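Breakdown of the fold
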Amino acid sequence: MFMTPPDYTLWFTPGAVVPTRDKKDAVFGVRDVGELELPTGRLVACDPIVHLCDDDERPEPFTVTVPPGRYRVQTAEASFTYPYDHTVNAAARLVIRDTPVARWEPALVPGEDAPEDDYFGYGVDAGAGCFLDTVAHHSFPGTDDESGVVWDGLDNSPSFPTAFVAEGENGHNIAVFTSGWGDGLYATWIGRDAEGEVACFVTDFRPFRFTRTA
C-alpha cells in the first residue's frame, strides 16, 4: 500500500495557503519554467548531477509513457515565514493535458514495487532534480564533471529557488530544479483525469518534512 499523496492541485494554485504548526502558514506560488521535449514519450526523473552521462548510473524511465511532444514544466514554490523567510521548490510538474486530476498513482520504473516503508522515489545527493526524455541521457556532456549547460544554469540562475530548461546536444533539452530543502528521497506521482488519461507527472520535494501541517 503506497502513501497517500497530498493535494498537489492546491500546491499549484497561486496564493494557496497551507497552515503548519511550527512554521506558520506556507504560501504557494507557481513558476512557469518552460517546455520539455519528449521525443520518445519516456520520461526520466532523477538527480542530474549524479546520473547524467554515466551509463553505470543511468536511471530507468517510468513505465507509464505519453505521446511524444513538448510539454509545459512548472514548479510550485512554498514560502515559509517562520522561523525565517525562505522559499523552496515544493514540487515540479510536467503538464501533459490541461484536465483536472481525478486520481493519483505512483510513477514507477521497471521492476519497482512498494518498499516495506511504503515510500518510493529517486535519491538526490546534489540538491537538484530534473525531468528529461530517456534518449537525452548523453546530451549534456560535462554534467558529471561540474561543467556544461546544467551547471551553468545552476550557477547563473538569477533567483532562488532555481528552476530552468537547458538546451543540450542533438536537439534535446532538460528541466532542472533545486529540490526542496536539499537532498533526500523524492517521489513522483502520475495524475490521471476522469477519462483515465495522464494529465501530469508531479515530483514531490517534501516541503513539510521539517515541519508539521496543522
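Because the structure is predicted, anything quoted here is derived from the model rather than measured.

Rules used throughout
- Residues numbered from 1 in each chain as written.
- Predicted model: local features only at pLDDT ≥ 70, side-chain atom pairs only at ≥ 80, totals over all residues.
- Heavy atoms only, no water.
- Phe/Tyr/Trp six-rings, centres within 6.5 Å; stacked < 30°, edge-to-face > 60°.
- Helix = DSSP H or I, 4+ residues; strand = E, 2+ residues; numbered from the N terminus.
- Buried < 20%, exposed > 50% of the residue type's maximum accessible area, 1.4 Å probe, protein only.
- Pairing = 2+ DSSP bridges.
- Axes fitted to C-alpha atoms, helices over the stretch in contact; angles between N-to-C directions.
- Salt bridge = Lys/Arg side-chain N within 4 Å of Asp/Glu carboxyl O.

**Observations regarding the packing of aromatic side chains**
With the rule as written, the count across this model stands at 12 aromatic pairs. Plain terms: the ring middles of Tyr8 and Trp11 are 5.2 Å apart, the flat faces sit at 85 degrees to each other, and that makes the pair edge-to-face. One end of the pair is Tyr8 and the other is Trp11, both in helix α1 (residues 8-11) and three residues apart, which spans about a single turn. We classify Trp11 as buried; its relative accessible area is 5%. Ring geometry for Phe177 against Phe205: centres 5.9 Å apart, planes inclined by 55 degrees, an arrangement best described as tilted. Residue Phe177 is found in strand β10 (residues 173-178), and its partner Phe205 is found in the segment after β13 (198-204); the two are separated by 28 residues along the sequence.

**Some words on the sheet that holds β10**
Taking strand neighbours across the sheet as the criterion, the four strands line up as β3-β8-β10-β9 in an open arrangement whose pairing is antiparallel. Looking at strand neighbours, the two that pair on one side only are β3 (43-46) and β9 (163-167), the edges of this open sheet. Here the average twist between neighbouring strands, direction ignored, is 20 degrees. As paired elements, β3 and strand β8 (residues 128-133) share four bridges and run antiparallel to each other. Residue Leu43 lies in a different strand from β8, and its bridge partner there is Asp133.

**With respect to the pattern of salt bridges**
Side-chain pairs of opposite charge can arise where the charged atoms are in close proximity. Under the defined criterion, the tally for this structure stands at seven salt bridges. Taking the shortest distance from any N to any O, the salt bridge between Arg70 and Glu35 comes out at 3.2 Å. Of this pair, Arg70 sits in strand β4 (residues 69-80) while Glu35 sits in strand β2 (residues 26-38), and the two are 35 residues apart along the sequence. Residue Arg70 is classed as partly exposed on the basis of its relative accessible area of 46%. Close ionic contact of Glu105 with Arg103 constitutes a salt bridge, the shortest N to O distance being 3.1 Å. Given the relative accessible area of 17%, Glu105 is considered buried. Salt bridges sharing common partners tie together Glu35, Glu37 and Arg70.

**Brief notes about the sheet that holds β13**
Ordered by their spatial adjacency, seven strands build an open sheet running β1-β2-β4-β5-β13-β12-β6, and the pairing between neighbours is antiparallel. Two strands close off the open sheet at either side, each with one partner strand: β1 (17-18) and β6 (103-106). As defined by bridge partners, β4 adjoins strand β5 (residues 86-95) across nine bridges and the pair is classed as antiparallel. Each residue of the ladder has a partner; that of Val73, found in β5, is Leu94.

**Remarks on unusual backbone geometry**
Here Glu146, not a glycine, exhibits a phi torsion of approximately 60 degrees, which is positive. Structurally, the position occupied by Glu146 is in the loop between β8 and α3 (149-156). Despite not being glycine, Asn170 has its phi angle at roughly 60 degrees, a positive value. Take Asn170: it is sitting in the loop between β9 and β10. Judged by its relative accessible area of 67%, Asn170 is exposed.

**Some details on the pairing of β9**
Bridge analysis of β9 against β10 gives five bridges, and the strand direction is antiparallel. From the neighbouring strand, Val165 faces β10, where its bridge partner is Ala175. Adjacent in sequence and paired antiparallel, β9 and β10 are bridged by five residues, among which Asn170 carries a positive phi angle near 60 degrees.

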